[in-house]
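# Descriptive analysis of the structure
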Amino acid sequence: MKTISFIFLLLFSFGTFGQCAKKLNKQLRAELQVQQQNQEDTSVLFRKSLTVFDSLKLLGNDQIGVLKEGEKKILDRFFTYSALLYQLEELESELPPLISSFKGDEVPVQQVFVEPIRNPLNAIPIFERVSDKMDMGNLSRKEQNKVLKRKLDEYKRYALSNSIRLEEMKDNGDRISAFLPRMDSLRKAYELIANELTSDSWKMQDKLSQLEASFRKKGPNNFPEVYFRIFPDVFPGFLSVESQLNVTVPVYNTVFEDSYPAAIEHSEPDIYEWTEDAAIFFGGKDAMNKFIAKNLRYPESVEQGIVFGKVYVKFIVSETGEISAVEVLKGISGCPECGEEVIRLVESMPNWIPGKQNGITVKSYVGLPVKFEL
């Protein structure tokens, strides 16, 4: 009798446990469906928010591109402005009325200015999705329930993570949105400064053109040496070597200019400073320009717009046209490689047509300026 009672009790316990496992299994599956739906709803919201966020990032990055261009424009125009201003001051000329009060240290550098939104602009929000695959096969309800619980825990962890990412994305979007008006204000400030520098540069260039025209018309006598240094192409060859070392010239487009006999005192009588027929590049100026265009290498500092200007060199052309004794008279401050490049360039030239004196080919000095500017 006791044995029968024990068996009955055991069967009843198994039945009750089975009912509980079945009920729990049903509850877990229902909760799993809720979590799956929550994931889909959050995914839709995430995609919509991401569309807005990507649009703000695009606007922000576009504005940074505009600011970079504006900053470069100011830098380029300030170089020209400074060179022209320096030349007028050297000539002790009265300055035209200028409107710009630009000081480089008073204008925000765009790279520093946009630093507060650098991280938001670089953010890449990612929505993590839980896979709904569950391989339960022929598992018992007890084992199924274990799998379902693990899957539910995974959904909850991902839901929390995605919620945090969503809030971060909204916060980053708000930061970018709030910063856009400030970027636009800086863009307008850049434009104003660039326009002022351009206007003033035109005024100073007009003044320099007037002074150059007067020098060309009335010179070279009774003009101070500074005019020969500022306008070296008007009366080339009038400066001594020492004076040429301080040449300052206006900024124009990058060209390789005409050569001219260099007025250089030399103790050797067989090297002419001036000749009736000057030594010239074989083929003339056009051929020389083509040679230069093909062979001149711009140093990195020039390509980056950091430096610009002219390099003046002198060299000897022998009776048979060979080039020798290439020397820099005036280089570009901060760019020794510019002078080295012009020396390399001249030394690589083919033989010139030698100069002539009284119909006889002679050895002569030649001066040559080359300008570096983008």
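Residues numbered from 1 in each chain as written. Predicted model: local features only at pLDDT ≥ 70, side-chain atom pairs only at ≥ 80, totals over all residues. Heavy atoms only, no water.

## What about the overall build of the protein chain?
Tallying secondary structure elements over the protein chain gives 9 helices and 5 strands in all. Classification of the 374 residues of the protein chain by burial places 39% in the buried group. Restricting to contacts in the protein chain with at least 6 residues of sequence separation, those with at least 24 account for 78%. Carbon and sulfur atoms form 54% of the exposed surface of the protein chain, whose accessible area is close to 22200 Å². (Helix = DSSP H or I, 4+ residues; strand = E, 2+ residues; numbered from the N terminus. Buried < 20%, exposed > 50% of the residue type's maximum accessible area, 1.4 Å probe, protein only. Contact = heavy atoms within 4.5 Å. Areas by Shrake-Rupley, 256 points an atom, 1.4 Å probe, with all protein chains shown as cover.)

## Description of the nonpolar core
Note that soluble globular proteins tend to have their nonpolar side chains buried in a common cluster. Counting 39 residues, the largest nonpolar core has Leu91, Val114, Met183, Phe215, Tyr227 and Phe231 as the members making the most contacts within it. Broken down by secondary-structure element, the contributors of at least two residues to this core are α1 (2-90), α4 (141-218) and α5 (225-230). In this view, Phe215 contacts Pro220, Phe223, Tyr227, Phe228, Phe231, Val234 and Phe235; residues no more than four positions away in its chain are not counted. Counting residues in hydrophobic clusters, the runner-up holds 25 residues, among them Val313, Leu345, Met349 and Val370. (Core = buried A, V, L, I, M, F, W, Y, C linked by side-chain atoms within 4.5 Å.)

## Re the state of the cysteines
Considering all chains together, one arrives at 1 disulfide under this definition. The residue that forms a disulfide with Cys335 is Cys338, at a sulfur-sulfur distance of 2.2 Å. Sign of the S-S torsion, about 75° for the bond between Cys335 and Cys338, identifies this disulfide as right-handed. (Disulfide = S-S within 2.5 Å.)

## Things to note about the side chain of Ser364
You can see Ser364 is positioned in strand β5 (residues 360-372). Of the residues examined, Ser364 reaches a relative accessible area of 2% and is grouped as buried. Sequence-distant contacts of Ser364, that is, excluding residues within four places in its chain, are made with Ile271, Tyr272, Thr275, Ala279, Phe315, Ile316, Val317 and Gly355.

## Some points on the pairing of strand β3 (residues 323-330)
Strand direction decides the pairing type here: strand β2 (residues 309-317) and β3, joined by 5 bridges, are antiparallel. Pairing of Tyr312 across the sheet is with Lys330, part of β3. Hairpin connection of β2 to β3: 5 residues between the antiparallel strands, including Gly321 at a positive phi of 95°. (Pairing = 2+ DSSP bridges.)

## Describing the environment of Arg129
Residue position: Arg129 is located in the loop between α3 (118-122) and α4. Residue Arg129 is classed as partly exposed on the basis of its relative accessible area of 42%. Through-space distance from the C-alpha of Arg129 to that of Tyr158 is 7.2 Å; in sequence the pair is 29 residues apart. When neighbours within four sequence positions are excluded, Arg129 is seen to be in contact with Gln39, Glu40, Ser43, Arg47 and Tyr158.

## Considerations on the packing of aromatic side chains
Tallied over the entire structure, the rule returns 12 aromatic pairs. Measuring from ring centre to ring centre gives 6.1 Å for Tyr227 and Phe231, while their planes differ by 50°; the resulting arrangement is tilted. Neither residue differs from the other here; Tyr227 and Phe231 are each classed as buried. Taken together, the ring pairs in this structure connect Phe215, Phe223, Tyr227, Phe228 and Phe231 into an aromatic cluster. (Phe/Tyr/Trp six-rings, centres within 6.5 Å; stacked < 30°, edge-to-face > 60°.)

## Things to note about the side chain of Asn162
Looking at the secondary structure, you find Asn162 in helix α4. Owing to a relative accessible area of 2%, Asn162 belongs among the buried residues under this scheme.

## Brief notes about the pattern of salt bridges
Under the definition given, this model contains 12 salt bridges. The partner of Glu31 in a salt bridge is Lys156, and the shortest N-O contact between them spans 3.4 Å. Note that Glu31 is positioned in helix α1 and Lys156 in helix α4, a separation of 125 residues in sequence. The class for Glu31 is partly exposed, based on a relative accessible area of 32%. (Salt bridge = Lys/Arg side-chain N within 4 Å of Asp/Glu carboxyl O.)

## Here we look at the environment of Asn145
Checked against the element boundaries, Asn145 lands in helix α4. Measuring from C-alpha to C-alpha, the distance between Asn145 and Ala21 comes to 7.8 Å, with 124 residues separating the pair along the chain. Asn145 has contacts with Ala21, Leu24, Asn25 and Leu28, leaving out every residue within four places of it along the chain.

## Let's talk about helix α7 (residues 284-295)
Here α7 contains 12 residues, and its C-alpha end-to-end distance of 17 Å stays within 8% of the 16 Å for a straight helix at 1.5 Å per residue. Buried within α7 we find Met288, Phe291 and Ile292. Around the axis of α7, the buried residues are gathered within 100° of arc, so they sit on the same side. The exposed residues of α7 that point more than 90 degrees off its buried face are Asp286, Lys290, Ala293 and Lys294. Each element contacted by the buried residues of α7 is listed here: α9 (336-347). (Expected span 1.5 Å × (residues − 1). Arc of directions from axis to C-beta.)

## Quick look at α9
Taking 1.5 Å as the rise per residue, α9 with 12 residues should run 16 Å; its terminal C-alpha atoms sit 17 Å apart, in good agreement. Among all positions in α9, only Cys338, Gly339, Glu341, Val342, Leu345 and Val346 are buried. The arc enclosing the buried residues of α9, seen along the axis, measures out at 160°, which places them on a common side. Residues of α9 that are exposed and angled more than 90 degrees away from the buried face: Pro336, Glu340 and Glu347.

## Points about the confidence of the model for the protein chain
Should pLDDT be low for a region, the predicted coordinates there are not to be read in detail. A residue-level look at the protein chain finds 83% of positions with pLDDT of 70 or above and a mean pLDDT of 79. Ranking the helices and strands of the protein chain by mean pLDDT puts α9 first, with 91, and helix α6 (residues 241-244) last, with 43. (pLDDT = per-residue confidence, 0-100.)

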